[in-house]
Amino acid sequence: MEKLVITGGTPLKGEVTISGAKNAAVAILPATLLINGTCTIENLPNINDVKLYCEILEKIGAKITWITRNEIKIDTTNVCCTKAPLDITRKFRASYYLIGSMLGRCKDVQVSLPGGCNLGARPIDQHIKGFEALGANVVVNQGNITATAKKLTGTSIYMDVVSVGATINVMLASVLAEGTTIIDNAAKEPHIVDVANFLNTMGADIRGAGTDMIKINGVKELRGGASYSIVPDQIEAGTFMLSAMATKGDITIKNCITKHLESVTAKIIEMGGLVEEDGDTIRVKCTKRPNRANIKTLPYPGFPTDLQPQIGVVLSLADGTSTINESIWESRFQYTQELVKMGAKITAQGKSAFFEGVKSLSGAPVCSTDLRAGAALIIAGIAANGKTEVYNIEHIDRGYEDIEGKFRKLGAKIERVNE
Ligand code: EPZ
């Protein structure tokens, strides 16, 4: 078992380069199944969820060649198996994208119900509603989902909730469908635009991604043969921006799209941080104890739930009392119990948490309960006085590329230790 051992108390300073977006990568990899041929994917984050996806694609017949640590070539010509390896698909959430892409390709697919971070109930009713509207027959039985169709026909689908996963999944299923599909009340996250751009590069006809109405004109085939570079990860960029705030540091974050980070930048300025933007670079500097602030998580372009634990660390150390209202997931405050072990004063009740800022945190052994909670605990450990040990770091490795290497380059005293 591995853990991260951090000796805290160092303000983070220097430059960090952001990797490709995890949540775009785990949708673009299955999207390659809609191509009958090859494509090259660049700026692919080297993280465990990507490696798992590559394993699944290889098990169903794709040929993957790693060109560099962050670039692969995928040949899907020989994919014919419609049953995904259930033991692997069970392990992570994004395996649900195999349903949309395999339905599109073969009109037949079986996967297990997806796992992933434990953030409370994670229904997929909107995905199923979309597939059924396109003409598929979907059966959920004994933890597995089977979806089959004679043919898929474009239609209008109104999403009852704004869902990233359902928007992408229905988009995947409708690219090769007959006629036009309209997704109304669609999610607008940058990774939705990225998946649409990838598919359009390969020959799809998708318009309106990034707005709440996406129109997909079905095409007969996707050509492949092209290269596509994945968008920078706005959650990783936000994680480093907030780590500058928590440690009173000065970090220049390179390879990010500043527009994607507007909600985070606004909160950092409200908390007294200094933000300078220059092209694809953001510098965040914090010279004093952060001001208190109230946060409500919302779908994009609102404040992202995936940065809620990280900003929770900053609020734990802020001057005054702050509130976070979590409107996406029902159990995303598990990290607060770990921060309390480090001296934070937080009360979490249902979907709200109240932070009475303290002047400093002290190191302690803590457990990463999910991916973003893990990132938050690393930031807390770097900001705290003394030694912090972060356990269950497999959650963090699922979604952050070389996280301790990047923090170490910024001056953090952090080591991965094998127990
Ligand atoms: C994606 O999850 C991300 N995962 C999550 O990132 C992120 O927290 C979430 O979007 C919200 O931004 C991936 O992209 C792989 P949703 P997803 O469908 O697609 C409800 C991380 O840390 N809902 O947008 O599963 C649902 O319960 C992870 O990187 C339904 O009711 O989230 C939630 O309240 C964790 N029915 C809300 O919608 C459905 O059919 C948003 O969920 C689908 C969702």
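Residues numbered from 1 in each chain as written. Predicted model: local features only at pLDDT ≥ 70, side-chain atom pairs only at ≥ 80, totals over all residues. Heavy atoms only, no water.

Asks: Please explain the packing of aromatic side chains as it appears in this structure.
Replies: The description of an aromatic ring pair uses the distance of the two centres, along with the angle that the planes make with each other. In total, this model carries five aromatic pairs according to the counting rule given. The interplanar angle of 45° and the centroid separation of 4.7 Å between the aromatic rings of Phe-240 and Phe-407 together place this pair among those described as tilted. With Phe-240 in helix 8 (residues 234-246) and Phe-407 in helix 14 (residues 403-409), this pair connects stretches of sequence that are 167 residues apart. (Phe/Tyr/Trp six-rings, centres within 6.5 Å; stacked < 30°, edge-to-face > 60°. Helix = DSSP H or I, 4+ residues; strand = E, 2+ residues; numbered from the N terminus.)

Asks: Looking at this structure, how should I read empty space enclosed by the protein?
Replies: Once rolled over the atoms, a probe with the size of a water molecule shows which space is left empty. Counted according to the given criterion, the structure contains one cavity of 30 Å³ or more. Volume-wise, the largest cavity comes out at about 30 Å³. In this structure, the largest cavity is lined by Lys-259, His-260, Glu-262, Ser-263, Tyr-300 and Pro-301. Grouping the amino acids of the lining of the largest cavity by side-chain chemistry returns two nonpolar, two polar and two charged. (1 Å grid on protein atoms, 1.4 Å probe; cavity = no way out; pocket = protein on both sides within 12 Å on 5 of 7 lines; lining within 4 Å. Points joined across faces, edges and corners; volume = space filled by probe spheres on them. Nonpolar A, V, L, I, M, F, W, Y, C, P; charged D, E, K, R; others polar.)

Asks: I would appreciate a short explanation of the sheet that holds strand 23 (residues 413-418) in the present structure.
Replies: The strands making up a sheet associate through hydrogen bonds between their backbones, and the pairing can be parallel or antiparallel. What the four strands build is an open sheet, ordered 21-22-1-23; its pairing is mixed. Strands with a single pairing partner mark the edges of an open sheet, and in this sheet they are strand 21 (365-367) and strand 23. For this sheet, the mean angle separating the axes of adjacent strands, direction not counted, is 25°. Relative to strand 22 (residues 387-391), strand 21 runs parallel, the two being bridged by three bridges. Following the sheet pairing, Pro-365 is matched in strand 22 by Glu-389. Across the sheet, helix 12 (residues 371-383) is in contact with strand 1 (2-7), strand 21, strand 22 and strand 23; its angle to strand 1 comes to roughly 30°. (Pairing = 2+ DSSP bridges. Axes fitted to C-alpha atoms, helices over the stretch in contact; angles between N-to-C directions. Contact = heavy atoms within 4.5 Å.)

Asks: Just to check I follow, could you spell out the sheet that holds strand 10 (residues 180-184) for this structure?
Replies: Spatial ordering of the open sheet is given by 9-10-12-11, a layout of four strands whose pairing is mixed. Strand pairing shows two members of the sheet lacking a second neighbour, strand 9 (156-158) and strand 11 (205-207), which therefore form its edges. Going across the sheet, the axis of each strand differs from the next one's by a mean of 15°, ignoring polarity. In this sheet, strand 12 (residues 213-217) lies alongside strand 10 in antiparallel orientation, the contact comprising five bridges. Directly across from Thr-180, in strand 12, lies its bridge partner Asn-217.

Asks: Which parts of the structure should I look at to understand helix 5 (residues 125-133)?
Replies: Every α-helix carries 3.6 residues per turn, so stepping three or four residues along brings you back to the same face. Along helix 5, the residues classified as buried are Gln-126, His-127, Ile-128, Gly-130 and Phe-131. Packed against the buried residues of helix 5 are helix 4 (97-106), strand 7 (137-141), strand 9 and helix 6 (164-174). Of the residues trailing helix 5, Gly-135 is marked for its positive phi of about 110°. (Buried < 20%, exposed > 50% of the residue type's maximum accessible area, 1.4 Å probe, protein only.)

Asks: What is the right way to read the site of the ligand from this model?
Replies: What surrounds the ligand is a group of 24 residues, the closest being Gln-126, Ser-163, Asp-306, Ile-328 and Arg-372. Between the ligand and the protein, one listed contact pairs an oxygen atom with a side-chain N or O atom of Trp-329 at 3.0 Å. In the model, an oxygen atom of the ligand is placed 3.2 Å from a nitrogen or oxygen of the Arg-332 side chain. In the complex, the protein chains occlude 90% of the 830 Å² of accessible area that the ligand would expose alone. The pocket occupied by the ligand, as judged from atoms lying within 2 Å of grid points, is the largest pocket. Put simply, the parts of the chain that give the shell around the ligand at least two residues each are helix 1 (22-31), helix 5, helix 6 and helix 12. Tallying contributions element by element places helix 5 first for the shell around the ligand, with three residues. Per-class residue counts for the shell around the ligand are eleven nonpolar, six polar and seven charged. A domain-level breakdown of the shell around the ligand finds at least three residues from each of domain 1 (2-19 + 232-418) and domain 2 (22-229). (Near = heavy atom within 4 Å. Polar contact = N/O pair within 3.5 Å; in protein donor to acceptor, adjacent residues only side chain to side chain. Areas by Shrake-Rupley, 256 points an atom, 1.4 Å probe, with all protein chains shown as cover. Sits in = over half its atoms within 2 Å of the grid points. Domains from an automatic or database assignment.)

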